[in-house]
Amino acid sequence: MTARFLDEDNDLAHLEVIPGRPGGVKAVDLPILHGTMGPAVLDIRKLYSETDCFTYDPGYTSTASCESKITFIDGEKGILLHRGYPIEELAENCSFLQVAYLLMEGEIPTEEEYQTFVKNITFHTMVHEQLRDFYRGFRRDAHPMAVMLGVVGALSAFYYDSLDIRDQRQRMIASHRLIAKMPTIAAMAHKYSIGQPFMYPQNDLGYAENLLYMMFATPTAPFKVNPVVARALNKILILHADHEQNASTSTVRLTGSSGANPFACIAAGIACLWGPAHGGANEAVLNMLTQIGHKDRIPEFIKRAKDKNDPFRLMGFGHRVYKHYDPRASVLRKVCQEVLEELDYHGEPLLELAKELEKIALEDPYFIEKKLYPNVDFYSGIILKAIGIPTCMFTVLFAVARTVGWIAQWMEMIGDPSQKIGRPRQLYTGHTLRHYRLSSPRGV
Ligand code: SDX
């Protein structure tokens with residue numbers, strides 16, 4: 001196969017392919033599409049029909065699955081923009097619901113737009129009273145991600161008046177319901193696991209504050225959320241809100257491309273996020289730091305992380321896109337220091353261990369050569385632990401935050417006139433045609 005760019009002006013790439021079947025060389029000119037930022041793309045939509053060849057890209061390391069205006073990442077420079085705004089500025093200056101509005105609508109809301117949006121979200125914070133019984137079907141020691149996954153998937157059985165994705169109004173109501181109810185569902189999963197009564201959302205509290213209230217208040221005494229903790233959680237939610245076409249967002253888009261209802265799409269995203277290579281890494285980081293236990297054991301674990309025969313990886317390190325410091329990790333590292341100081345956590349051993357591990361790893365030739373830096377999950381777990389969140393709830397909070405990104409991306413996909421059901425192909429390397437014979441050694 002030969003390929004060459006015809007010329008920059010034509011924005012065409014000329015491809016000549018010798019497919020596996022008779023027919024000789026097939027030539028095709030493929031358009032090159034340019035975005036406002038980031039790499040150009042080779043538009044291969046007609047490749048198969050004209051050359052009988054597929055592309056092959058397991059893990060989609062070189063594949064753009066869609067066109068999007070929501071989030072831009074420059075992995076080499078460690079840049080993350082939401083609708084053009086740097087993540088550092090949004091985390092410093094906005095509330096989580098302002099960022100949610102920005103992701104969904106494309107602009108920072110005016111005061112009036114913001115108040116309307118907050119009212120719409122607040123209106124939906126309670127869950128159907130019968131959903132409370134739904135929790136009773138789970139064991140008390142069930143992982144809260146399993147509970148969240150089950151409950152969110154079940155929402156389509158309760159809110160069937162907002163399932164028609166062709167109806168813009170129903171899409172908006174379902175979106176508001178999901179954003180509003182995720183904190184309530186998350187807090188209920190926590191309360192259920194510790195055998196405490198569920199707490200109803202308080203409509204006079206902010207989004208992060210309400211989540212903390214529902215997790216830690218009890219009916220027996222007034223409960224005031226620590227503003228330091230609420231501010232830290234607000235930043236953590238913003239930093240986890242959206243991240244381009246990551247695994248769980250791609251799962252939501254693929255699920256949505258079949259016309260599945262929004263509750264089912266978000267449940268699919270939750271399932272994917274749970275993996276330790278993805279959103280489950282924050283819990284895995286804490287477990288890893290606890291396993292390391294002391295800085296004297298760091299070299300042992302660095303050695304294991306570099307050993308190809310050892311499945312152990314340094315959790316919270318490395319990223320498919322960032323080959324530089326994850327900008328979210330930089331913000332979280334600062335927030336971590338601030339929160340621990342403000343909460344009088346001096347010399348928190350896990351933070352000291354994490355900083356020592358980061359220092360040693362970043363000086364190690366293996367990590368330098370493979371461009372493995374701390375990612376968003378490396379510090380988030382330490383902050384969450386410091387503000388009293390149980391380790392098993394870390395990914396649940398990641399899912400609460402990422403729901404606004406999943407919804408923004410899902411809405412963009414639904415509104416994209418070129419979108420169609422996602423249906424990748426394959427490189428088949430299995431048996432060629434053969435026939436079943438009664439004498440076959442496998443019997444029936
Ligand atoms: C998130 O995509 C997103 O945007 C995700 C996310 C989001 O906001 O949605 O940013 C959230 O998922 C962050 C990542 C959290 N996961 C972890 O921290 C788990 C540990 N990290 C690794 O599992 C890994 O780095 C991944 C999964 C994150 C990325 O894997 P890639 O891109 O497939 O990279 P790779 O596996 O091809 O690694 C390249 C090389 C390999 O060595 P070689 O085969 O080239 O010899 O780097 C090595 C890997 O073995 N490597 C690591 C490593 N990560 C990669 N070696 C040791 N420890 C690690 N953490």
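Scroll up a little and you will see the structure.
A brief report on the enclosed structure follows.

## Quick word on the environment of Asp141
Residue placement: Asp141 occurs in the loop between helix 5 (131-135) and helix 6 (144-158). Taking relative accessible area as the criterion, Asp141 reaches 53% and is therefore assigned exposed. Along the sequence, Asp141 and Pro262 sit 121 residues apart, while their C-alpha atoms lie 28 Å from each other.

## Considering the environment of Asn287
In this structure, Asn287 sits in helix 12 (residues 281-292). Asn287 gets classed as partly exposed once you look at its relative accessible area, which sits at 42%.

## Brief notes about the side chain of Thr395
You can see Thr395 is positioned in helix 18 (residues 394-414). Within the local environment of Thr395, its side chain forms a polar contact with the side chain of Asn282, the two groups lying 3.1 Å apart. The contact partners of Thr395, leaving out residues within four places of it in the chain, are Met145, Leu273, Trp274, Gly279, Gly280, Asn282 and Glu283.

## Examining the packing of helix 6 against helix 7 (residues 168-193)
It is at 10 Å that the axes of helix 6 and helix 7 come closest, and there the two elements cross at 140°. Between helix 6 and helix 7, the crossing angle belongs to the class labelled oblique. The interaxial crossing formed by helix 6 with helix 7 has right-handed handedness. Two secondary-structure elements touch here, helix 6 through Pro144, Val147, Met148, Val151, Val152 and Leu155 and helix 7 through Leu178, Met182, Ile185, Ala186 and Ala189. Looking at the contact of helix 6 with helix 7, its residues break down into 11 nonpolar, no polar and no charged.

## A short note on the site of the ligand
In the vicinity of the ligand lie 23 residues, with His243, His319, Arg320, Arg328 and Arg402 positioned nearest. Between the ligand and the protein, one listed contact pairs an oxygen atom with a side-chain N or O atom of Lys308 at 3.3 Å. Between the ligand and the protein, one listed contact pairs an oxygen atom with a side-chain N or O atom of Arg313 at 3.0 Å. Of the residues belonging to the shell around the ligand, the class tally is 9 nonpolar, 7 polar and 7 charged.

Reading the values: the criteria
- Residues numbered from 1 in each chain as written.
- Predicted model: local features only at pLDDT ≥ 70, side-chain atom pairs only at ≥ 80, totals over all residues.
- Heavy atoms only, no water.
- Helix = DSSP H or I, 4+ residues; strand = E, 2+ residues; numbered from the N terminus.
- Buried < 20%, exposed > 50% of the residue type's maximum accessible area, 1.4 Å probe, protein only.
- Polar contact = N/O pair within 3.5 Å; in protein donor to acceptor, adjacent residues only side chain to side chain.
- Contact = heavy atoms within 4.5 Å.
- Axes fitted to C-alpha atoms, helices over the stretch in contact; angles between N-to-C directions.
- Parallel < 35°, antiparallel > 145°, perpendicular 65-115°, else oblique.
- Left-handed = near helix turned anticlockwise from the far one by under 90°.
- Nonpolar A, V, L, I, M, F, W, Y, C, P; charged D, E, K, R; others polar.
- Near = heavy atom within 4 Å.

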